[in-house]
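# Coordinates in review
Read off the chains here:
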Amino acid sequence: MANAELYEPAIKLQLGISKCLLGEKVRYDGGHKRLPFAVDVLSSFADFHVICPETAIGLPTPRPTIGLYQNTMQSVVIRFNDRQIDNGDIDNKMTLFCQQTMRSLSSLSGYIVCAKSPSCGLGNAKVYDNDSGDFVTLADGRFTAYLRDCYPWLPIEDNVRLNNPDIQQHFVIRMFALQRLNKLLESELSRHALLTFHSRYKLLLLAHSQPLYRQLGPFVAKLDQFDDLQQFFIQYRQRLMALLTIPASKENHTNVLMHIQGYFNRYLTNAEKQALTATILAYHRDELPLSKPISCLKACLEKYPNDYLSTQYYFTHYPQALPH
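Report follows, based on the coordinates.

All right, on to the overall build of the chain then. Within the chain, the secondary structure is distributed over eleven helices and eight strands. Dimensions along the principal axes, computed over C-alpha positions, put the chain at roughly 80 × 50 × 35 Å. Burial analysis of the chain (324 residues in total) assigns 48% to the buried set. Partitioning the intrachain contacts of the chain with sequence separation of at least 6 by distance along the chain shows that 68% fall at a separation of at least 24. Summing over all exposed atoms, the chain offers an accessible surface of approximately 15,500 Å²; the carbon and sulfur share of this is 50%.

Now for unusual backbone geometry. Here Thr61 and Pro62 are connected by a cis peptide whose omega angle stands at -5°. Relative to the elements of secondary structure, Pro62 occurs in the loop between helix 2 (53-56) and strand 3 (66-70). The backbone of Asp89 sits at a positive phi, close to 60°, despite the residue not being glycine. Along the chain, Asp89 falls in the loop between strand 4 (76-80) and helix 3 (90-102).

Our focus in this paragraph is the pattern of salt bridges. Applying the stated rule across the entire model yields ten salt bridges. A salt bridge links Asp40 to Arg34; the shortest N-O distance between them is 2.9 Å. Arg34 gets classed as partly exposed once you look at its relative accessible area, which sits at 37%. Between Glu287 and Arg285 there is a salt bridge, with the nearest N and O atoms lying 3.0 Å from each other. Residues joined by salt bridges that share partners form a network here, namely Glu157, Arg161 and Arg174.

It is the contact of helix 7 (residues 210-221) with helix 8 (residues 229-245), at a shortest axis distance of 10 Å, that shows an interaxial angle of 170°. Taken as axis vectors, helix 7 and helix 8 run roughly antiparallel relative to one another. Considering how the two elements wind past one another, helix 7 and helix 8 form a crossing that is left-handed. Each of Leu212, Tyr213, Gln215, Leu216, Phe219 and Val220 in helix 7 lies in contact with helix 8, whose residues at this interface are Phe232, Gln235, Tyr236, Arg239, Leu240, Ala242 and Leu243.

The strand order 2-1-5-8 describes an open sheet built from four strands, whose pairing is parallel. Looking at the sheet topology across the chains shown, the edges are occupied by strand 2 (46-51) and strand 8 (156-158). Neighbouring strand axes in the sheet, compared pairwise and without regard to direction, differ in orientation by 25° on average. Examined bridge by bridge, strand 1 (residues 13-18) and strand 5 (residues 110-113) share three bridges and lie parallel to one another. Residue pairing in the sheet places Gly16 in a bridge with Tyr111 of strand 5. With respect to the sheet, helix 4 (residues 142-150) is in contact with strand 2, strand 5 and strand 8, its orientation differing from that of strand 5 by roughly 165°.

Moving on to helix 6 (residues 191-208). The end-to-end C-alpha distance of helix 6, which contains 18 residues, comes to 24 Å, matching closely the 26 Å that a straight helix rising 1.5 Å per residue would cover. Of all the bends in helix 6, the greatest, near 55°, is centred on Lys202.

In this section: the pairing of strand 5. Remember that side chains alternate between the two faces of the sheet whenever the strand is regular. A two-sided burial pattern is seen for strand 5, the buried positions comprising Gly110 and Ile112 on one face and Tyr111 and Val113 on the other. Relative to strand 8, strand 5 runs parallel, the two sharing three bridges. For Tyr111, the partnering residue across the bridge sits in strand 8 and is Ile156.

Moving on: the pairing of strand 3. Where burial is concerned, most of strand 3 is hidden: five out of the five residues are buried. Of the pairings in the sheet, the one linking strand 3 to strand 4 comprises five bridges and is antiparallel in character. From the neighbouring strand, Leu68 faces strand 4, where its bridge partner is Ile78. Where strand 3 hands over to strand 4, the hairpin turn is made up of five residues, of which Gln74 adopts a positive phi near 70°. Bridge count between strand 3 and strand 6 (residues 125-129): three bridges; the pairing is parallel. Bridge assignment links Gln70 to a residue of strand 6, and that residue is Asp129.

Scoring rules and cut-offs
- Residues numbered from 1 in each chain as written.
- Predicted model: local features only at pLDDT ≥ 70, side-chain atom pairs only at ≥ 80, totals over all residues.
- Heavy atoms only, no water.
- Helix = DSSP H or I, 4+ residues; strand = E, 2+ residues; numbered from the N terminus.
- Buried < 20%, exposed > 50% of the residue type's maximum accessible area, 1.4 Å probe, protein only.
- Contact = heavy atoms within 4.5 Å.
- Areas by Shrake-Rupley, 256 points an atom, 1.4 Å probe, with all protein chains shown as cover.
- Salt bridge = Lys/Arg side-chain N within 4 Å of Asp/Glu carboxyl O.
- Axes fitted to C-alpha atoms, helices over the stretch in contact; angles between N-to-C directions.
- Parallel < 35°, antiparallel > 145°, perpendicular 65-115°, else oblique.
- Left-handed = near helix turned anticlockwise from the far one by under 90°.
- Pairing = 2+ DSSP bridges.
- Expected span 1.5 Å × (residues − 1).
- Bend = angle between axes of the 7 residues up to and from the residue.

Shown next, in the form of structure tokens:
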């Protein structure tokens, strides 16, 4: 691999995060929801952009609980659960805060929100009937809803889901892809840079979704037909991040691993080819972790360098210290 690691040491994630997840005591009960994955792992690889929408609009800590309420017009407002408390127009304050804050988040590569929160929940905030108080449905918290609407390509997860190692890895893969795209947009956006980026991600994209990759390929081939490179970038970013939203599957990984092996077959003895194939198939049967066949293929790449494979983010799409 030309003895070079593919991860760029200079790249650093720009990560939005709910303040309570960093251990800040800003919750309604005066507590926090410290997330070890963020504080102890991601902090070395990310600049945190910290927000608590509820304290940002002037609510104290501790404070009475607030919730989402649906009225007869099907619109949802945010208010104190106790009707006897003067709301102080917190719904309008929250709306204004969200609208003003969204403008400053365009460079983020990911966001971690607090689960079930009426301001930050990710599809799991409870919505109640405004008159009866009965549970109606689950929805995004007010801030998260604005975030998803303004930045549909942005990787967003909550603290509960991020206790799952597979979701951690998937989140990190998506964030580093978007951060690299953001860097292109900020400094060196060109047709050549976009084509190089896409080429380096080819094998990783195939591991996530072969059908969507085959749709993305013809779109990229039309790059020269776009007079406005910014417009191409906007469409490409949306398509790429939608593809990466689909978790990589064992079947797809196996196909990619077999494809990579094909680059080395002419150099390997029959016994070496059989051993490598057996390792890949053992991974497919859940007998070995993915890291094992990838390590074998990296060893082949060290011994038999290949310019195309040596640039593939499939091998090193983010720092080794993060979850693999």
